[in-house]
Amino acid sequence: MRIIRSIGWIIASMILVIAIWDGVAHITNSPLMPTARNIGKVLPKVIINKDTYLHLIASIILVLKGFGLSIIIALPTSILCFRLKIYSRIVLPSHEFIRYIPVPAFVPLCAVLFGIGDLTKVILIFIGTYFQLVFIFISDFLTTPKEFEESARTLGLKGLKLIYKITIPASLSNLLNTVRITFAWAWSYLLVAEVVNATRGIGYLVIQSYRVLNMERLVVLLIVIGIFGILTDNILKFARITICPWLKNDKKK
Amino acid sequence: MTRKNNFLEIQDLSVGYYEEDEYVDVLSKVYLSCNVHEIVAIIGKSGSGKTTLLKAIAGLIPIRDGKVILDGKLVIGSARERGLVFQEYCVFPWLTVRGNIELGSKCGADTRPEVVKDEVERLLKSTGLLEHQYKWPSQLSGGMQQRVAIARTLAADPLLLLLDEPFGALDAITRLQMQELIQSIFEEIKQGILLVTHDIREAALIADKVALLSGSPATTSKVWNVPNPRSSTNPLKLPPEQERVATEIFTLIKAE
């Protein structure tokens, strides 16, 4: 019942967006602003086209590589920063500095250093998410009540045992929530990279449509990206509850 | 391991913290002792340093001066010999009731699987948690969660149990039940217990000794030996000797 109600709200929200879009399209009456009806005609063609999915999968693989690398490096870095003051004093200022440089500004540098292939896209996703993840992961660790660790220390837990038996499980639900939220950023940075140079990927399709001013197809591709985003978000929410089963009964989750 | 009387001795203890490069004393010249199988209640106004004292004994905060000696050994840092139960965030929410107690037992002196299993079963029974063993802490009431925390701490087989206002967040009825539970558990264990409480009657009811922390920085201003401790389970109707101690404590705190 809850799922049906949730889907109902999503549909209602989408209808509202479509109604506003269509209203603006009719008022402006511009070929660059396709009506909902014209978009609706193109939608099935794009959705049943195998190529759309091949490009989507190519994009997903790049995101998983870049974002996965970010998580793998950000998690131990944030644990070390959280645990060792000296480490955080050495590491965090440089991370803070890089965190404020917009990802698109790295595109020329990465293109020169790593070429214009997939590696550059992976690196851009990494730059866009890693430096943010470190700070949010640290914040996740800090918001966990310190009494958990203090209790555990009086049970005799120390060092690595304390980290994997208490620090990580105590923050796990928050860490997974952070991963869910920042996954959307990874996706955005991939599109930034694919817009600059690509021969495949969903961003490439968007740019192709823009170049030939096929606005209906362009909007449909944006819808596909949006649907994929909602699906991913829900899969990650489900994964979080599955990995952290104690949250099912927690009213504060 | 032989466990002597006066097995916890706190001598001339001073503890504080730095606030903008200035050292602030919280406790100064605290003296206290606890025998094996004895409950010592620590009482005092809010902010009198009761929790700080427990944390210093637990080795969670550094000691400036003085020493804490447990079972003839100088206390340095945290260890499973001094188990601490907090008022809040006392259980690990990512572990079931059984998982919480199992974790404590796996930190104990004997971690053979069969010993851990037996110990967990025994504690589940003695704390009345057997039928809740596979529940998550979020499915339990506050009193039940405190039972889990106490069982988990006992599972690690500490020499000393440190309870930091463990019933402070509970309603009156649950509090009475927990006081009874502590008394019944206490009969089964060999550990000493240091209990921080705001409740004078609770202190007089279940403790062998009551220590009053007062002043700024706080010190042990008086220690009472309670005659016939735990001779009643009703804090509303204390036996005359305990009532006298409770009245004395109340008068002294009021006069501060």
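Residues numbered from 1 in each chain as written. Chains lettered and ligands numbered in written order. Predicted model: local features only at pLDDT ≥ 70, side-chain atom pairs only at ≥ 80, totals over all residues. Heavy atoms only, no water.

**Some remarks on empty space enclosed by the protein**
Residue and element names in this part refer to chain A.
Phase 1 of the analysis: Using the criterion set out here, one finds 1 cavity of 30 Å³ or more in the structure.
Phase 2 of the analysis: If you add up the space inside the largest cavity, you get close to 30 Å³.
Phase 3 of the analysis: If you trace the largest cavity, you find it lined by Ala58, Ser59, Leu62, Asp118, Lys121, Glu194, Arg200 and Gly201.
Phase 4 of the analysis: Among the elements that line the lining of the largest cavity, the one with the most residues is helix H3 (residues 50-83), at 3 residues.
Phase 5 of the analysis: Of the residues contributing to the lining of the largest cavity, the split by class is 2 nonpolar, 2 polar and 4 charged. (1 Å grid on protein atoms, 1.4 Å probe; cavity = no way out; pocket = protein on both sides within 12 Å on 5 of 7 lines; lining within 4 Å. Points joined across faces, edges and corners; volume = space filled by probe spheres on them. Helix = DSSP H or I, 4+ residues; strand = E, 2+ residues; numbered from the N terminus. Nonpolar A, V, L, I, M, F, W, Y, C, P; charged D, E, K, R; others polar.)

**Describing the packing of aromatic side chains**
All names here are of chain A.
Phase 1 of the analysis: In total, this model carries 10 aromatic pairs over all chains according to the counting rule given.
Phase 2 of the analysis: Centre to centre, the rings of Phe67 and Phe183 are 5.6 Å apart; their planes meet at 70 degrees, and the pair counts as edge-to-face. Taken together, the residues span a long stretch of sequence, with Phe67 in helix H3 and Phe183 in helix H8 (residues 159-196) at a distance of 116 residues.
Phase 3 of the analysis: Residue classification places Phe67 among the buried positions, given a relative accessible area of 3%. (Phe/Tyr/Trp six-rings, centres within 6.5 Å; stacked < 30°, edge-to-face > 60°. Buried < 20%, exposed > 50% of the residue type's maximum accessible area, 1.4 Å probe, protein only.)

**Some words on the layout of surface pockets**
Residue and element names in this part refer to chain A.
Phase 1 of the analysis: Its boundaries defined by the atoms lining it, the largest pocket holds a volume of some 1,300 Å³.
Phase 2 of the analysis: What lines the largest pocket is a set of 30 residues, among which Ser6, Ile10, Ile230, Leu231 and Asn234 lie closest to the centre.
Phase 3 of the analysis: Of all the secondary structure elements, the ones that give two or more residues to the lining of the largest pocket are helix H1 (2-28), helix H2 (36-48), H8 and helix H10 (215-243).
Phase 4 of the analysis: When residues in the lining of the largest pocket are grouped by element, the largest group, 12 residues, is from H10.

**Brief notes about unusual backbone geometry**
Note: most residues except glycine have negative phi, and most peptide bonds are trans.
Phase 1 of the analysis: For the peptide bond that leads from Ser216 of chain B to Pro217 of chain B, omega is -5 degrees, which places it in the cis range.
Phase 2 of the analysis: Relative to the helices and strands, Pro217 of chain B is located in the loop between strand S9 (209-214) and strand S10 (219-225).
Phase 3 of the analysis: At Leu213 of chain A, a residue that is not glycine, the phi angle is positive and equals roughly 55 degrees.
Phase 4 of the analysis: Positionally, Leu213 of chain A belongs in the loop between helix H9 (202-211) and H10.

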